[in-house]
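What the coordinates show
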Amino acid sequence: MKTDQELASAIDIGLDGQTYTIINQPNELEWIGTGRSAFVFRIQGTDRVIKKFFPSHRHLAALEGSIYEQLAPFPTYAKQYAYGTDYLVIEYIEGQTLFDCLLSGTMISRDVIRVVDYALAEARSVGLNPSDIHLRNIMLTNDGTRIIDVARFRQTAPCSQWDDLKRAYDYFYSKSYFPKKLPESFLNTVADIYKRRMFESHRNTG
């Protein structure tokens, strides 16, 4: 049986125009997603995933790997098993993201807010600056709330995303009249407007 390092090394990524594509992957791996900087594969029959960074972003492996090392004592974050020059091996977490919850109508309790608040405080306690906390980075599982993306936890600039989400929860979502199931087109539109406003704010203050 191949080791995690052998599986990660056997993933072949190519460039088609300006888009990275998977040229080859071992049979033991199942592609489960693509992010802004990497492809993600589940190692079949295990609770582990390989995050294989694009060639242009391979430097992020060491950065993100070291962040996961700092977060190792805190159970809300995904567990890391190993990392190399262009990959991470982390825990596969099964559940619904908060974005998925809004699509399906799954209730998001206030306890979720408390758990994330506490986890972010834990990250700050080891010198990190939690950033880029959004609906697709927080998951509800059978065992509770988990945070799955920590790539930007060393940003030095302040990030208000989580505080903005909490305000939206208090002012809108928590109200009995507010719908708990929302169309994807609406959520994407709100996200786009938010990103544009954040960009303009950073540009005007930068």
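Please refer to the structure higher up on the page.
Keep in mind it's a predicted model, so treat the numbers as computed, not measured. (Residues numbered from 1 in each chain as written. Predicted model: local features only at pLDDT ≥ 70, side-chain atom pairs only at ≥ 80, totals over all residues. Heavy atoms only, no water.)

Let us look at the sheet that holds strand β8 (residues 96–97). Strand order in the open sheet formed by three strands is β8-β9-β10, and the pairing between neighbours is antiparallel. Whereas interior strands pair on both sides, the edge strands pair on one side only; in this sheet they are β8 and β10 (144–147). Strand direction decides the pairing type here: strand β9 (residues 138–141) and β10, joined by four bridges, are antiparallel. Opposite Thr141, over in β10, you have Gly144 as the bridge partner. Sitting on the sheet, helix α4 (residues 110–125) touches β9 and β10, and the angle it makes with β10 is about 40°. (Pairing = 2+ DSSP bridges. Helix = DSSP H or I, 4+ residues; strand = E, 2+ residues; numbered from the N terminus. Contact = heavy atoms within 4.5 Å. Axes fitted to C-alpha atoms, helices over the stretch in contact; angles between N-to-C directions.)

Between α4 and helix α5 (residues 161–173), the least distance of the axes is 12 Å, while the angle of their chain directions is 165°. As far as their axial angle goes, α5 and α4 are roughly antiparallel. Here α4 runs over α5; the crossing is left-handed. Contacts between α4 and α5 involve Arg110, Ile113, Val116, Asp117 and Leu120 from the first element and Trp162, Lys166, Tyr169 and Asp170 from the second. Taken together, the residues that form the contact of α4 with α5 break down as five nonpolar, no polar and four charged. (Parallel < 35°, antiparallel > 145°, perpendicular 65-115°, else oblique. Left-handed = near helix turned anticlockwise from the far one by under 90°. Nonpolar A, V, L, I, M, F, W, Y, C, P; charged D, E, K, R; others polar.)

On to the pattern of salt bridges. When the charged atoms of two side chains with opposite charge come close together, those side chains can pair. Taken as a whole, this structure holds twelve salt bridges when the rule is applied. The closest approach of N and O atoms between Lys2 and Glu28, which form a salt bridge, is 3.2 Å. Here Glu28 lies in the loop between β2 (19–24) and β3 (29–34) and Lys2 lies in the segment before α1 (4–9), a separation of 26 residues in the sequence. Residues Asp4 and Arg48 are paired through a salt bridge, measuring 2.9 Å at the closest nitrogen-oxygen approach. Highlighted residues: Asp4 in helix α1 and Arg48 in strand β5 (residues 48–53), separated in sequence by 44 residues. (Salt bridge = Lys/Arg side-chain N within 4 Å of Asp/Glu carboxyl O.)

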